[in-house]
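# Topology and contacts: notes
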Amino acid sequence: MRKAIVIGGSSGIGEALVRKLAERGWRVAAVARRIGPTSELKREFPDSVLPYQHDVRCYDEIPELFQLITRDLEGLDLFVYCAGVMPTVGPREYSFEKDREIAEVNFVGAMAWLDQAAIRFDGVGHGSIVAIGSVAGDRGRAAQPAYNAGKAGLATFMEALRNRLARKGVNVVTIKPGPVRTPMTEGLDLPGAMPVDKAADKSWRRSTRPASTISARYTG
Amino acid sequence: MSLLPPERIERVCGFGMASCADGYVVRPASVDELEEAVREAVRAHRKIVLRGAGRSYGDAAIGAERVVIECTRMNRILSWDPDAGLLEAEAGVTIEQMWRHCLPDGFWPPVVSGTMFPTLAGALAMNIHGKNSFAAGVLGEHAEWIDVWFPASGLQRLTPEDELFSEVIGSAGLLGTILRACIRMKRVPSGDLRVRPTLCGNWDEQFDAFRKFESDADYMVSWIDCFAKGRSFGRGLFHAAWYETDESAKRDSLQPAHQDLPSSILGVVPKSLVWHGLRALNNRSDMRLLNAAKHHSARLPGGKEYRQSLVAFSFLLDYVPNWRMAYAPHGFIQYQSFVPKLRAAEIFAQQIEMQQERKLEAFLGVLKRHRPDRFLFSHGVDGYSLALDLKITPHNRDRIFQLAHEMNDLVLSAGGRFYLAKDSTLRPQDFRASIGPQSLAKYRRLKDTLDPDHLLTSSLAQRLEID
């Protein structure tokens, strides 16, 4: 049985991915700030889903939690970082509070978790690391400066990990979906957005390929 | 729960590469370091797997997310008394170290496996046998004493007079960890063997050869062509060997330089490259041809008695470096079963027939003669064993295991046994039936006493439900 950790497994792409992996016989640790939704997943897949409550901004608890989870899973084949926030930002709003939250959840927390996954996969010489990036990280736009910057940082960090780990037999994959219909994008006008299930499916399928950055286009 | 150093994690595999698990590997160099590693594992709420050189084929020395304590750095020879032939050594001393140290004085390890790389502690924990199993038994029979560290009580020296001696040796590192041992080395007249090959055309001739030579040969082993059918069913090449007593062999043959395996074939092809060639041939049709070619080549003139060094005869598995890589990436399992002599021919023939029916023939089959011993987890029977190398692929894995389970049933129906150093396929009920409920109950009582927190485990122990 293969094993995965999904950070941000309570909603959106993360939740869909947990469900998809569990349906395919994986053992999945669903890590999320809110325990309610992941406990729900546990009820749905009692033998496959292990819920853990954690805020990715609690950086100090990550190394120990990572070891606890891998022990409970009895191994690790796939690590996915899906946690992300995108608060509404007004056109003339420059809120450090919001920007910091975005940076911490979308990027700093990602580094803290990805480092743990990288140490492990570097040691064992197998496995896949996936991060959900975004085409929003390809350039800075007026609407979401911090979100753009966070996703850009994440993609560059992942590229560097890839350059370190590819030679060890580890797949490091950044998925950059276009617009996806998730709770995070609720209320936004997104014509042609990808259903969340589709985004999860693409993420999972690409995870075992020694690829680089995937722009997961949705063509309806 | 405390943290383990994350960079210690490694992919740890059985020698057959078909079973692997990630674990936190520690390589203590002393008893103090070993004890610290155990304390660290306890603090991190982890169980422990004991590992030597990783030469067990299956899952005896691996464990997912466990602390893997590998004894390879405790590798000092502590003393050697050439008058008494007694060698005292630490856990991680290899069979190679043992023969290199003692052969110049005219001594050879009393029991060796088909490779010289296992550690002493690993070899005792699995209680290995060799091609002299019918005469010399298992390695544990040649230990003067063992120093064992038990989770409950710490270090203890055991001698053959202690009941625990025969319970710890062969228990696959699940009761305690062997840290030092004293082995009675075998005095040999030279470093060479006189080897006599016998070409066997079928099963009857195979067993006739063993019977003919068992009263006086020092070593016996036979290779079986698992592809041959009909009149040639069970054909193969039997070898009996005797320590060479001819004075002309004596002096030089005891020098390690005489024993060293050549690094190239015919002085040209580097042997380090040979596994690439083997890999290209590692499929059913080429292996059928290779097995047939091996059989027919033995008909050529010159198939008479010859002289061979102890190393070249004993360590066939080391002759082609990295030969197991021919089975990469999915590996292979070695299936070895031990059947009492009255039923051996019948059971082994049925095993090969089953393989042929399913087109899952073993690429290599090896027949050996054994004798019973007094150890708790004994694999010894007054009979024979057949060892089969079965290639694993993602497509055949389920069918191979199904085949193995059916072969297990056959072996058990004949009162046979299995060898944990090789095993990959036993189910809990198979193991229970093979060693008997009384032995298993005794083991469980010992486990509760010697390792009350059940710290020592392995993937094999979990699979057999003896962890």
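What counts, and where the lines are drawn
- In every chain, residue numbers begin from 1 and rise along the written sequence.
- Just so you know, chain letters begin at A and ligand numbers begin at 1, following the order they were written in.
- Confidence filtering applies because this is a predicted model: local features only for residues at pLDDT of at least 70, side-chain atom pairs given and counted only at 80 or more, and all residues used for totals across whole chains, interfaces and linings.
- Water and hydrogen atoms play no part in the side-chain values, which are based on all heavy atoms of the structure.
- Runs of H or I in DSSP of at least four residues are treated as helices and runs of E of at least two as strands, each being numbered from the N terminus.
- The atom set for the radius of gyration is the C-alpha atoms, and the globule formula is 2.2 Å times the number of residues raised to the power 0.38.
- For each residue, the accessible area found with a 1.4 Å probe, counting protein chains only, is set against the maximum for its type, and the residue is called buried under 20%, exposed over 50%, and partly exposed in between.
- Any two residues whose heavy atoms approach within 4.5 Å are treated as being in contact.
- Using a 1.4 Å probe, accessible areas were evaluated by the Shrake-Rupley method; residue-level cover was limited to the displayed protein chains.
- Asp and Glu count as negative and Lys and Arg as positive, but His and the ends of the chain are not part of the count.
- Charged groups are reduced to one reference atom each: NZ for lysine, CZ for arginine, CG for aspartic acid, CD for glutamic acid.
- Like-charged residues are merged into a patch within 9 Å and nonpolar side chains (Val, Leu, Ile, Met, Phe, Trp, Tyr) within 5 Å, provided each residue has over 30% relative accessible area and no salt bridge.
- Put simply, a salt bridge is a Lys or Arg side-chain nitrogen that is within 4 Å of an Asp or Glu carboxyl oxygen.
- Throughout the structure description, domain borders are defined by an automatic or database domain assignment.
- Residues adjacent in sequence count toward polar contacts only when both atoms are side-chain atoms; beyond that, a polar contact is any pair of N or O atoms within 3.5 Å, and within protein one must be able to donate a hydrogen and the other to accept it.

## Re the overall build of chain B
For chain B, the helix and strand inventory stands at 16 helices and 21 strands. Over its C-alpha atoms chain B spans a radius of gyration of 22 Å, differing by no more than 12% from the 23 Å that the globule rule assigns to 467 residues. Each of the three principal axes of chain B carries a C-alpha extent, and together these read 65 × 50 × 45 Å. Scored against the burial criterion, the 467 residues of chain B give a buried share of 59%. The contacts in chain B between residues at least 6 apart in sequence include a share of 72% that link residues at least 24 apart. Per element, the accessible surface of chain B, about 18300 Å² overall, is 51% carbon and sulfur. Distance between charge centres in chain B, computed from 57 positive and 57 negative side chains, equals 5 Å.

## What to know about a nonpolar patch on the surface
Taken together, the side chains of I265, V268 and V269 of chain B make up a nonpolar region of the molecular surface, amounting to roughly 250 Å² of accessible area. Assignment of secondary structure puts I265 of chain B in strand β15 (residues 264-265).

## With respect to the domain arrangement of chain B
All names here are of chain B. Domain boundaries assigned for chain B yield domain 1 (6-71 + 448-464), domain 2 (77-187) and domain 3 (192-428). A separation of 24 Å is found between the C-alpha centroids of domain 2 and domain 3. Of the residues lining the interface, 37 residues belong to domain 2; the matching set on domain 3 comes to 35 residues. Put simply, domain 2 and domain 3 have 2 salt bridges between them. Across the salt bridge formed by E141 and R371, the nearest N and O atoms sit 2.4 Å from each other. Remark: the boundary between domain 2 and domain 3 carries 15 residue pairs in polar contact (both at pLDDT 80 or more). No other element matches helix α4 (residues 133-136), which puts 4 residues into the side of domain 2 that touches domain 3.

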